[in-house]
Structures are given as structure tokens and as C-alpha cells.
Amino acid sequence: MISRRIFSCLLGSIAFSSLVSCDTDYNEVGSNIVGDDLFQFEKYVLSNIEAKTALAEAVNTRNLPVNSLGHYNDPIYGNHTAHIVTQVEMSAASDFQNVGVNPVIDSVYLYIPYSIKKSTPITGGATDYELDKVYGNGSFDLKVYENGYFLTVADPSNDFSNKYYYADEKEMFDNNIASPVLNNSLETSQNTAFKFKDDEILLYAYNEDGTVQKDDEDEPIIRERKAPGVWLDLDKDYFQNKFFANNAHKNIINNSIFKNFFRGIYLQATNPNGNALAQLDISKGELVIVYKQGEASERERKSIQLKMGYSTASSNKVNATTVNLFENNYSPDFITAIADQNNPILWLKGNNATYSSIKLFGEDADNSGKPDELEQIIANKWLINQAVLTIYIDENITGNAVNTAPERLLLYDFKNNKPIVDYTIDETSSPFKSIYGGILNTNEKRYQFRLTEYITNLIQKDSTNFELGLVVANDITNSVFNVIKDQESQKIPLTSTMYPFGTVVHGPNSGNSNKKMKLEIYYTKQN
């Protein structure tokens, strides 16, 4: 193997994945070159690329790392509403067994923290927060119910394989609501006029008689400060009757029994007033029951902290099943665009919406087993130094919606439902997989991917030229592939399911020749 100096590298802002050439780096080209042969740098723009977009209809949303809640009226895609169902579980099997005599609930609250972009300490021990993954300043009617549908891990109708729950199954949960509205506080900000706010949440210290403790200046004593989040006071009388009437809690000796006795909560978003949508890590939430127990002369205040969501993190293992439910009233433009398989523009949408497939090199007219254009490139015996796929946002369609364009797109092996080699071998971490790319260049309004290893393997190792898939991405560190309802073989990256928005990009046949999708191959050849 001989190292040769070539006119090819990645420069500029890695965060924007600007793939440009330079004359200061070296590249190990890896081929049987001997002697002092002269090389010259060349660029080849692929002639044959095909791309089309398909609608996923409904995807599995069981145990997503991030769940959406709320409503958003997207000017491109139409109205999108997201609801959440989650089991809750005990922190310890003895939580209810340890409850003393005469338990009476003081309060019940639900708390799910928001994602925080920035926190700044200010005077008096308070903190100023800037929220992340919260979109819009509107409000909606947030209803919390006890879920009556039993969520199971295994599917007995399918040889007890993994049980999937899909984004379009809202009706199933609506038909199994097991309670009246539980967040029935007189504060409308906790129900009919719920908003995602950046206010710090204060918990006060209480005396044994239930009154708030005061300091020397008669100010309430703050026991705990919590980051902004969903905070809802729930109906304590309902929980009193559910858990402590007739000593029902004494039968709760493990989480299996508990998850059947209390099948979780259903957070339903209705009656939107403007845009208000958040992406939530449910596993960081809690449902807390605060109660008093003991004889009349020796009452003491206790609490049971119930966990929710699903997490495999060693610091926060939770095994409560969650389901994210989506309702979409798509715009006429989006419906028309998706129906046209020859549309030169690709409409990419997250959650349970679309994915694009990309076919490189065109047709195999001579039936040799390889596309004709690929055959010609192989015959040229080029040494591939770099291959870059460039994809531009169609600003004529997106307009001001560019501000919700995903920071990353994900390009993957569409046929085999797995990452491509350029993703796998890229060990960069800041940003993650920055050489592989797919990062939004906000100045150029484009995404670029490095396909160097993929193209090299086609030419030098006779690898299979499979179709590539393209989706919006919430977090490309997650390389898991997700199940699409009623499709046995085709899957979609889970990261796309977690992202509520989308973008519209130029395909290879776009009428804008300066912005159409293109694959540029940089190579050296022997004179």
C-alpha cells in the first residue's frame, strides 16, 4: 500500500459537514500502485440517480427514548397531535407493603422534566432555564386518565415475540379509559390551558399537620427546586379509593401485580390553541403519592415515588412500557406530493410519516448484473479518494419552516435495514459521525454525506449496489431500526420515529439544476 498526496479532504465546519478539497492532507488510497507513476486529480458527477418517497402509515412507538406530546400545525405537512400512554412501576416491591395503618393521601402529582438547553444560576438559589425540544408558545387541553388497556411485553398471538404498539392505535386506548379526568385542579394551567413553560418548580416544606413551613420572615420554606417540566396535581380522592380503600394496596407485592392493578396513565392532548409540542424523556418522570399514616396521635408524612417510561441506562433503569400515539391531518400538498411516485421533490417527515429510497448508477441494460454506469467506472480502474452525496432543501416549499428543519438526516442501507459502512467506521464524536455527515449546513441549506467507503467497496470489492434510504433524524447515535405496521421486511430507523418535523429536499430530477441531488466522486487515475 502506497500513500499518495491527493487533492481531497474534509474541511470547514465539521458541524455543517462541509465537504471540500484541500492540498494539505494525505490519503491512504489502498491499491496495487507501484513505481513513480504520475497521478492526476479528477471529479466525476454521477449521471444516474433515482429517488422516491413513501409513506410509512404507522410505525411501532413502543418504548421510544423520546416521546412527543402536544399539537403542532405545520405549514408544510398539516396538523400533528401527539399523546402518550405509559405504565408506572414501583421503585421497590415493598413500596405499598410498607404503608402503615390508616393511610390518607395528602396529594398526588405527576412530573416530567423538559429537555434543558441552558441553565443559569441567579440570586436566591434560583435558576434561569432555557428549554430545548419545545416548540411553540400555544396551549392545549391536557387530560390525564388512568389507562385501562393492559400493556404486555410479549405477543401471545405471535409465538410470544415482542409485542408492538403502533402510532395509529389511539382508538384502542380511548376505548379503554379507566377513570374520569385526573388532573382536575382549579388551575387551568394544569389542564384546559396547559402550556410548556420555563418556570422553575418549587416544592415547599410542610409541617406534620399539613401546613407550609415558614421562615423567620414568614416566607414559605423551599424544600426542593425542580427544573421546568410537566407538573400536574392529580385527583387525590381517586387514588385514595384506588389504592387504600379496602386495603387494596396490601395485595401489591410486585410490579407485575401492580402493572395489572394500575395499568398506567394516558396523557391526551386536545383542543389546541396555537402550537405547543414537546419531546419528552418519560423515563425521567415520576408519579408521587404523598400520604399520612399511623394512629391519630402519631401521624407521619410519607410518599411513594412511582417511576415511568422505559430506560436501560445503568443510572436509571425503568421497565415501564410507553406508547406514543399520533394523529395527523395532512395538508393537501403533502398528500398530493406523496401520491406522485415521479415527484422530483422529496418530502421527508418524521414520526410515522415518510422515508425516501435512493438508487445509484441507473439500470443494467446489458443484464450483466451491474448497472451500466457502475460497470464503466469499474472498467476505468479509478482509485476513489472521496465520494460526496449533496442534498439541498427546497426553500420554495419550506420557506420560513427551515427553522424546524432537522439538524441531521440519516442515510442507510435501505434493503438490509442497517447503517452503511461509512457510518459504521466513522469514530468522530463531536459532532457524532461528522465525517459520515448528514449535518444541516444552515448557510447553504444543504446536507452532505460521505459515501467514500461504500463507493470504494462497489468498485474494488465487488460489493452489492443496494438502495439507500433517507430519513429525518432526531438522534443519529441511535442506529436501531423500527417496525412498520403490516410490512414484514421493510423497517425504518427509530431516530426518524422520534422526530416530529421534517423537511423538503430536491431530488436528482429537480428542475433546479443547481440544487438537485448529486453524487460527486473524486478519484485519481494512472496516466
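Residues numbered from 1 in each chain as written. Predicted model: local features only at pLDDT ≥ 70, side-chain atom pairs only at ≥ 80, totals over all residues. Heavy atoms only, no water.

Draft legend 1. Quick peek at the overall build of the chain. Of the regular secondary structure elements, the chain holds nine helices and 35 strands. With the C-alpha coordinates of the chain rotated into their principal frame, the extents come out at 100 × 55 × 45 Å. Sequence separation of at least 24 residues holds for 77% of the intrachain contacts in the chain that already meet a minimum separation of 6. Total accessible area on the chain stands at roughly 24,300 Å², and carbon and sulfur atoms take up 44% of it. Where the 47 positive side-chain charges of the chain centre and where its 67 negative ones centre are 2 Å apart. (Helix = DSSP H or I, 4+ residues; strand = E, 2+ residues; numbered from the N terminus. Contact = heavy atoms within 4.5 Å. Areas by Shrake-Rupley, 256 points an atom, 1.4 Å probe, with all protein chains shown as cover. Lys, Arg positive; Asp, Glu negative; His and termini not counted. Charge placed at Lys NZ, Arg CZ, Asp CG, Glu CD.)

Draft legend 2. Inspection of the pairing of strand S26 (residues 354–360) at higher detail. Counting buried positions over the seven residues of S26 gives six, a clear majority of the element. Sheet analysis places strand S4 (residues 49–55) next to S26, joined by seven bridges and oriented antiparallel. Within S26, the residue paired with glutamate 50 across the bridge is lysine 359. Taken together, the three bridges between S26 and strand S31 (residues 468–473) define a ladder with antiparallel strand orientation. Each bridged residue has a counterpart across the sheet, and for serine 357 the counterpart in S31 is glycine 469. (Buried < 20%, exposed > 50% of the residue type's maximum accessible area, 1.4 Å probe, protein only. Pairing = 2+ DSSP bridges.)

Draft legend 3. A look at the packing of aromatic side chains. Enumeration over the complete set of coordinates arrives at 36 aromatic pairs. Measuring from centroid to centroid gives 5.4 Å for tyrosine 412 and phenylalanine 481, while their planes differ by 65°, and the two rings are edge-to-face. With a gap of 69 residues between them, tyrosine 412 in strand S28 (residues 408–413) and phenylalanine 481 in strand S32 (residues 481–483) connect regions that are remote in the sequence. A centroid spacing of 5.0 Å and a plane angle of 50° characterise the contact between tyrosine 454 and phenylalanine 466, whose relative ring orientation is tilted. (Phe/Tyr/Trp six-rings, centres within 6.5 Å; stacked < 30°, edge-to-face > 60°.)

Draft legend 4. Spatial organisation of the sheet that holds S26. Read across the sheet, five strands follow the order S4-S26-S31-S28-S29 without closing on themselves; strand pairing throughout is antiparallel. Among the strands making up the open sheet, the edge pair consists of S4 and strand S29 (418–419). Relative to S29, S28 runs antiparallel, the two sharing two bridges. When the sheet's bridge partners are listed, aspartate 413 is paired in S29 with lysine 418.

Draft legend 5. Looking closely at the pairing of strand S15 (residues 201–204). Of the two faces of S15, only one is covered, namely that formed by Ile201 and Leu203; the face formed by Leu202 and Tyr204 stays uncovered. Where S15 and strand S16 (residues 222–226) come together, four bridges link them in antiparallel fashion. Counterpart to leucine 202 in the pairing with S16 is arginine 225.

Draft legend 6. View of helix H8 (residues 452–460). Of all nine residues that make up H8, seven are buried, and the element is covered over most of its length. Taken together, the buried positions of H8 are occupied by Thr452, Tyr454, Ile455, Thr456, Asn457, Leu458 and Ile459. Aspartate 462 sits one or two residues past H8 and shows a positive phi near 55°.

Draft legend 7. Expanded view of the environment of asparagine 162. With respect to the element layout, asparagine 162 can be found in strand S14 (residues 161–162). For asparagine 162, a relative accessible area of 47% translates into the label partly exposed. Spatially, the C-alpha atoms of asparagine 162 and lysine 307 are 22 Å apart, while their sequence positions differ by 145 residues. Not counting residues up to four positions away in its chain, the partners in contact with asparagine 162 are Val153 and Asp155.

Draft legend 8. Structural view of the confidence of the model for the chain. Looking at the chain as a whole, the pLDDT averages 89, with 91% of positions reaching at least 70. Predicted confidence is poor over residues 1–39, with pLDDT under 50, and the contacts of this stretch with residues over four places away or in other chains come to 84 contacts. (pLDDT = per-residue confidence, 0-100.)

Draft legend 9. Structural view of the pattern of salt bridges. For the coordinates displayed, the defined rule picks out 16 salt bridges. One salt bridge connects aspartate 218 with lysine 214, and the closest N-O pair in it is separated by 3.8 Å. Classification of aspartate 218 by relative accessible area gives exposed; the value is 52%. One connected set of salt bridges, linked through shared partners, spans Arg223, Glu224, Lys226 and Glu286. (Salt bridge = Lys/Arg side-chain N within 4 Å of Asp/Glu carboxyl O.)

Draft legend 10. Region of the structure containing the environment of valine 45. Assignment of secondary structure puts valine 45 in strand S3 (residues 39–45). Judged by relative accessible area, valine 45 falls into the partly exposed class, the value being 40%. As for valine 45 and alanine 387, which are separated by 342 residues in sequence, their C-alpha atoms are 9.6 Å apart. Ignoring sequence-local partners within four residues, the contact set of valine 45 consists of Lys518, Leu519 and Glu520.

Draft legend 11. Just the nonpolar core, in detail. Ranked by internal contacts, the top residues of the largest apolar core, which has 59 residues, are Ile358, Leu360, Leu411, Leu451, Ile455 and Leu519. In this structure leucine 451 touches Ala387, Leu389, Leu411, Ile420, Asp422, Leu468 and Leu519, once residues within four positions along its chain are discounted. Among the nonpolar cores identified, the runner-up in size contains 41 residues, and Ile84, Val99, Phe194 and Tyr291 belong to it. (Core = buried A, V, L, I, M, F, W, Y, C linked by side-chain atoms within 4.5 Å.)

Draft legend 12. How the structure looks around unusual backbone geometry. The peptide bond linking serine 430 to proline 431 adopts the cis configuration, its omega dihedral lying at -5°. When you line up the elements, proline 431 lands in the loop between helix H7 (421–425) and strand S30 (446–450). In the Ramachandran plot, phenylalanine 361 falls in the positive-phi region, its phi being about 80° despite a non-glycine side chain. For phenylalanine 361, a relative accessible area of 1% corresponds to the buried category.

Draft legend 13. Broad picture of helix H2 (residues 236–244). Taken together, the buried positions of H2 are Tyr238, Phe239, Lys242, Phe243 and Phe244. The elements touched by buried residues of H2 are strand S8 (104–113), strand S12 (139–146), strand S17 (229–234), helix H3 (255–261) and strand S20 (286–293). The opening residue of H2 is aspartate 235, an N-cap whose side-chain oxygen sits 3.0 Å from the backbone nitrogen of aspartate 237. (Polar contact = N/O pair within 3.5 Å; in protein donor to acceptor, adjacent residues only side chain to side chain.)

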